[in-house]
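Single-letter residue listing:
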Amino acid sequence: MPTRSLPPSPAPRRPADPEDGARKPILPAGSLARHLVVRLLPAILLLVVLDLGAIWVITHKLDISDWVLEDIFWLMVLGQTVLLLLFAWVVVAGVRSGLRGVNHLSEAIRQRSADDLQPLDVVGLPLEMEPMVARTNELLARLEAALAAQRRFVGHAAHQLRTPLSGLKLESELMLARPLSDDVRDRAERIKSVTDRMIRLGQQLLVLARADPGIRPQDSFVRLDLCEWVRETGATWLGRARAQHIDLELIAPDTPAWIDADALLLGELLGNLIDNALRYAEGATRIRLHVGTNPPSLTVEDDGVGIPPDERERVFEAFYRSPRSAAGGSGLGLAIVREIAGAHGAFWNLVSRPEYPGTRLSVVFPGPRIGAQLTRQERSA
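Residues numbered from 1 in each chain as written. Predicted model: local features only at pLDDT ≥ 70, side-chain atom pairs only at ≥ 80, totals over all residues. Heavy atoms only, no water.

Attention now goes to the overall build of the protein chain. When helices and strands are counted, the protein chain shows nine helices and seven strands. Contacts spanning at least 24 positions in sequence make up 68% of the contacts within the protein chain whose residues lie at least 6 apart. When the accessible area of the protein chain is evaluated, it comes to approximately 24300 Å², of which 61% is carbon and sulfur surface. (Helix = DSSP H or I, 4+ residues; strand = E, 2+ residues; numbered from the N terminus. Contact = heavy atoms within 4.5 Å. Areas by Shrake-Rupley, 256 points an atom, 1.4 Å probe, with all protein chains shown as cover.)

Quick look at the structure:
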């Protein structure tokens, strides 16, 4: 019986590579290479045409029978030099235009404050730069998440410590309300003093967390009259100032000075300025609160010993305390003032002896602008 040969089975096909059907273009849209080719190729072709045209004119229109080889050589050198100069100018102009987006990105980064961790904009950048900017944005996001976790930890820790410290303060006050021996009373008073200091430190840490630019305290701003607000808030410090035999004065105009602010943060700012003057302005007899209207400003002045020039920058650092000061404190007062002023988009200026007979710290506000993106760089006026 005749046999019939079967057709050979087809060879197994290799799975198609998804990139085989969609090859990446050599010059993708938006890339720097494509931009340079588009910008430079017409100019280069024009230079080649001009060079060929010059050669044709020399060889067909000019009588070179009387020329010597040296004349022809120097003419060619001159032509090629001009051609190279034009080519270099075209290349430099093309590269500059292609890197314009990179220059804009560099300027945007330079103008950012240290607290601005928003993603970088890739609009207008060459395609080759987008992966680097994307990785940078990922790094900024991770850094912002780490800073947010740190802020939450500080806030939660300060909040959790407040309850046991308040209980300890209450127990020490109950002890002091009873008849005690002198030794026990001294210890109870020291416990109460340390507890008060710890409670104050916790409150200041909470204020620092609230004033952090990462949580946008501007979203809770309300419009208030700085003059009336300082009258009401400053009056709460009259008792302590009189107890230390210091006059607390207020100079404010009758017309309103409107600003957009968080009243709680502003109260901490003013409280820290007055508290610092009461604690550290040795020999002071007067503390003056001055409100300006154009621009809105708040100034706290005292006639104490002043701040040495070598410490005027360091007093704004967190936990810094002057070695010349004998008064207690956490070293957060002016650091909180700096953070709150920065959160309000305000500038500050510290002047002391010998320029001013005492110490004067001014905070200048930008005026009312609810909803504005207050991301100015920190700097003193």
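So much for the structure itself; the text now carries on.
Further remarks concern the pattern of salt bridges. Applying the stated criterion to the full structure yields 14 salt bridges. Its salt-bridge partner being R223, residue D260 comes within 3.2 Å of it at the nearest N-O pair. On the criterion of sequence distance, the pair formed by D260 in strand β3 (residues 258-261) and R223 in strand β1 (residues 222-225) is long-range, its members being 37 residues apart. Taking the relative accessible area as the measure of exposure, D260 reaches 6% and is therefore buried. With a relative accessible area of 46%, R223 lands in the partly exposed category. For R240, the salt bridge is made with D275, and the minimal N-O distance between the two is 2.6 Å. With a gap of 35 residues between them, R240 in helix α7 (residues 238-243) and D275 in helix α8 (residues 263-280) connect regions that are remote in the sequence. (Salt bridge = Lys/Arg side-chain N within 4 Å of Asp/Glu carboxyl O. Buried < 20%, exposed > 50% of the residue type's maximum accessible area, 1.4 Å probe, protein only.)

Another point: unusual backbone geometry. In this structure, the amide linkage connecting N294 to the following residue, P295, adopts the cis form with an omega of 0°. Here P295 shows up in the loop between β4 (286-293) and β5 (296-302). Following R353, the chain continues to P354 via a peptide bond in cis, the omega torsion being 5°. Residue placement: P354 occurs in the loop between β6 (347-352) and β7 (359-364). In this structure, H245 takes a positive phi of about 60° despite not being glycine. The residue H245 is located in the loop between α7 and β2 (247-251) in this model.

Per the counting criterion, the structure on display carries one aromatic pair. On the numbers, 6.2 Å between centres and 40° between planes, the contact of F316 with W348 is tilted. Taken as a pair, F316 in the loop between β5 and α9 (333-343) and W348 in strand β6 lie far apart in primary sequence, 32 residues in all. Both residues of the pair, F316 and W348, belong to the buried class. (Phe/Tyr/Trp six-rings, centres within 6.5 Å; stacked < 30°, edge-to-face > 60°.)

With that out of the way, let us pick up the nonpolar core. L226 and L361 are the most contacted members of the largest nonpolar core, which totals 42 residues. For this core, the elements supplying multiple residues, two or more each, are α6 (226-235), β3, α8, β4, β5, α9, β6 and β7. Per element, the largest residue contribution to this core is eight residues, and it comes from α8. With residues up to four places along the chain from it excluded, the contact list for L226 reads A257, I259, L266, V291, S297, L298 and F365. Membership of the second largest hydrophobic core comes to six residues, among which are L105, L117, L120 and L125. (Core = buried A, V, L, I, M, F, W, Y, C linked by side-chain atoms within 4.5 Å.)

Next up on the list: the environment of A257. Tracing the backbone shows A257 in the loop between β2 and β3. Given a relative accessible area of 3%, A257 falls into the buried group. Each C-alpha atom of the pair A257 and P296 lies 5.8 Å from the other, and the pair is 39 residues apart in sequence. Not counting residues within four places of it along the chain, the set of residues in contact with A257 comprises L224, D225, L226, C227, V291, G292 and T293.

Attention now goes to the environment of T285. In this structure, T285 sits in the loop between α8 and β4. In the structure, T285 is positioned 17 residues away from D302 in sequence and 7.7 Å away in space, judged by C-alpha atoms. With residues up to four places along the chain from it excluded, the contact list for T285 reads H245, I246, D247 and D303. A distance of 2.8 Å separates a polar atom in the side chain of T285 from a polar atom in the side chain of D303. (Polar contact = N/O pair within 3.5 Å; in protein donor to acceptor, adjacent residues only side chain to side chain.)

With that out of the way, let us pick up the sheet that holds β4. Taking strand neighbours across the sheet as the criterion, the five strands line up as β2-β4-β5-β7-β6 in an open arrangement whose pairing is mixed. Either end of the sheet is taken by a strand with one partner, and the two such strands are β2 and β6. On average, each strand axis in the sheet is inclined to that of its neighbour by 10°, with strand direction left out of account. The pairing of β5 with β7 spans six bridges and is antiparallel. Pairing of V300 across the sheet is with L361, part of β7. Each of β2, β4 and β5 is contacted by α6, which is oriented at about 160° to β4, the strand it contacts most. (Pairing = 2+ DSSP bridges. Axes fitted to C-alpha atoms, helices over the stretch in contact; angles between N-to-C directions.)

It is worth spelling out the environment of D225 at this point. Relative to the helices and strands, D225 resides in strand β1. The class for D225 is buried, based on a relative accessible area of 17%. Here the alpha-carbon distance between D225 and I259, two residues 34 residues apart in the chain, equals 6.6 Å. Residue contacts for D225: discarding those within four places in its chain leaves P256, A257 and W258. A distance of 3.1 Å separates a polar atom in the side chain of D225 from the backbone nitrogen of C227. Polar contacts involving the side chain of D225 include one to the main-chain amide nitrogen of A257, which spans 2.9 Å.

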